[in-house]
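Residue strings, one per chain:
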Amino acid sequence: MKLGGVARRTIEPAQDGAAVLVLDQTRLPFSTAWRRLATLSEAADAIRRMVVRGAPLIGVTAAYGVWLAMRADATDAGLARAVDLLGATRPTAVNLRWALERARRALAPLPPAARAAAARTLADRLADEDVATNRAIGRHGAALLRDALARRGGRGRVQVLTHCNAGWLATVDVGTALAPVYEAFDAGVPVHVFVDETRPRNQGARLTAFELAEHGVPCTLVADNAGGHLLQHREVDLVLVGADRVTATGDVANKIGTYLKALAAKDAGVPCYALFPTSTVDWTLSDGVAEIPIEERDPREVTTVEGVAPDGTVVAVSVAPWGVLARNPAFDVTPARLLTGLVTERGVCAASREGLASLRPPTSGDRP
Ligand code: MRU
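Residues numbered from 1 in each chain as written. Predicted model: local features only at pLDDT ≥ 70, side-chain atom pairs only at ≥ 80, totals over all residues. Heavy atoms only, no water.

J.: When you look at the packing of helix 1 (residues 40-48) against helix 3 (residues 76-87) in this model, what are you seeing that I'm missing?
T.: Two numbers describe a pair of packed helices, the interaxial angle and the distance between the axes. Where helix 1 contacts helix 3, the axes come no closer than 9 Å and their chain directions differ by 20 degrees. Taken together, the axes of helix 1 and helix 3 are roughly parallel relative to one another. For helix 1 against helix 3, the interelement crossing comes out right-handed. For the pair formed by helix 1 and helix 3, the contact residues are Leu-40, Ser-41, Ala-43, Ala-44, Ile-47 and Arg-48 on the first element and Arg-81, Ala-82, Leu-85 and Leu-86 on the second. Counted by class, the contact of helix 1 with helix 3 contains seven nonpolar, one polar and two charged residues. (Axes fitted to C-alpha atoms, helices over the stretch in contact; angles between N-to-C directions. Helix = DSSP H or I, 4+ residues; strand = E, 2+ residues; numbered from the N terminus. Parallel < 35°, antiparallel > 145°, perpendicular 65-115°, else oblique. Left-handed = near helix turned anticlockwise from the far one by under 90°. Contact = heavy atoms within 4.5 Å. Nonpolar A, V, L, I, M, F, W, Y, C, P; charged D, E, K, R; others polar.)

J.: Honestly, the sheet that holds strand 3 (residues 11-13) in this entry has me stumped. Any pointers?
T.: Where strands meet in a sheet, backbone hydrogen bonds hold them as pairs that are either parallel or antiparallel. As summarised here, the arrangement of the three strands in space is 3-4-5, forming an open sheet in which the pairing is antiparallel. Two strands lie at the open edges of the sheet, namely strand 3 and strand 5 (34-37), each paired on one side alone. Averaged over all pairs of adjacent strands, the angle between their axes in this sheet comes to 25 degrees, without regard to strand direction. (Pairing = 2+ DSSP bridges.)

J.: I tried to follow a nonpolar patch on the surface on my own but got confused; where do I start?
T.: On the surface, Tyr-259, Leu-260 and Leu-263 cluster together to form a nonpolar patch covering roughly 260 Å² of accessible area. By secondary structure assignment, the location of Leu-260 is in helix 9 (residues 258-268). (Patch = residues over 30% accessible without salt bridge, like charges linked within 9 Å, V, L, I, M, F, W, Y side chains within 5 Å. Areas by Shrake-Rupley, 256 points an atom, 1.4 Å probe, with all protein chains shown as cover. Salt bridge = Lys/Arg side-chain N within 4 Å of Asp/Glu carboxyl O.)

J.: Whenever I open this one, the site of the ligand confuses me. Can you help?
T.: The environment of the ligand is made up of 19 residues, and the closest members are Arg-53, Arg-90, Asp-244, Asn-254 and Lys-255. Within the side chain of Arg-53, an N or O atom sits 2.8 Å from an oxygen atom of the ligand. Between the ligand and Gly-54 there is a distance of 2.9 Å, counted from an oxygen atom to a backbone nitrogen or oxygen. Of the residues that constitute the shell around the ligand, the class distribution is eight nonpolar, seven polar and four charged. Mapped onto the domain boundaries, the shell around the ligand takes at least three residues apiece from domain 1 (9-128) and domain 2 (138-358). (Near = heavy atom within 4 Å. Polar contact = N/O pair within 3.5 Å; in protein donor to acceptor, adjacent residues only side chain to side chain. Domains from an automatic or database assignment.)

J.: How do you make sense of the domain arrangement of the chain when you look at a structure like this?
T.: How big an interface is tends to be stated in terms of accessible area lost as the parts join. Domain annotation for the chain reports domain 1 (9-128) and domain 2 (138-358). Across the contact, 29 residues belong to domain 1 and 34 residues belong to domain 2. Interface area for domain 1 against domain 2, summed over the two sides, is near 2500 Å², with a carbon-plus-sulfur share of 57%. On the domain 1 side of the interface with domain 2, the three residues burying the most area are Phe-30, Arg-53 and Thr-92, jointly 25% of the side's total. Linking domain 1 to domain 2 there are two salt bridges. For the salt bridge of Asp-282 with Arg-97, the shortest nitrogen-to-oxygen distance reads 4.0 Å. Counted by class, the side of domain 1 that touches domain 2 contains 15 nonpolar, seven polar and seven charged residues. (Buried area = accessible area lost by both parts, 1.4 Å probe.)

As structure tokens, then:
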């Protein structure tokens, strides 16, 4: 990720070796502020309050959270407390549980004195793995953009529609759904991205538009409700979205509103792909709508909108009558039948049990 032309990751070890620094996503795009996480509770709070967000980044932050916890209390009770506290922060993204389970399995057999160093090594490894995985997703997915350009007879720009933020900012670096966009753009494929604003928190407007612009990728922000119209009028060649949890059968939980885009894409005959690392697959589940837990967030995210005031402070203004009843489900599930395919670091496959099984990592157990 280049911020002001300088290569950075969204989460980086602090120079003094006693903390990690994260890019504060509650401040973007109004300011680029780095927040220091030095304790377990600071790491848990950063995930809960969405200072860091996006399934892969949540997982890596949790791994660093375990390291911070082990520096303070490396007993069995300390390890259990860290895994429980971090695991309770956000329910839908399975990468969180996956990372915590990897940490628990790696650390539990060790003597307490060895746990902090091992936890740090693991967190660094998960961060590096995330970047390598996302680059592979980018390479596999870029073929979809090249195919789309060929379908256009090589004319104009490949028109992508994306929802929420599944780019650099949702990962340690590179991104998932946007990884092929960066890969293709850097290779000279003409591409333009329609960015859904993604109410209620506006991750599209605030984060995706920001990071695409930082990279120089042409993009246009649209209201969430514009997607169906654009798809119907053949203004979109390809819908690319991320995932927070994918069942073994290919159902995809992603940011609320993804389902409606997939429905519209299906009706319009436009290819729609979900892109994610295989750590996002919950191999224990087979019915996403029935089984994936959906996070319900504070209704005030719906009744207010955050923006920047003329004096530079971030403020929330009300957009609904005082006291109105509001609901805020943060994710929805797109059934596999609506997806053209899935893209992981292992390749592109059909959105089905057979498709995913063909890409299943040999080491993955039935539990994340
Ligand atoms: O609530 P968020 O902002 O954490 O939700 C993020 C998404 O839904 C992303 O699309 C998903 O995590 C994939 S990120 C590579």
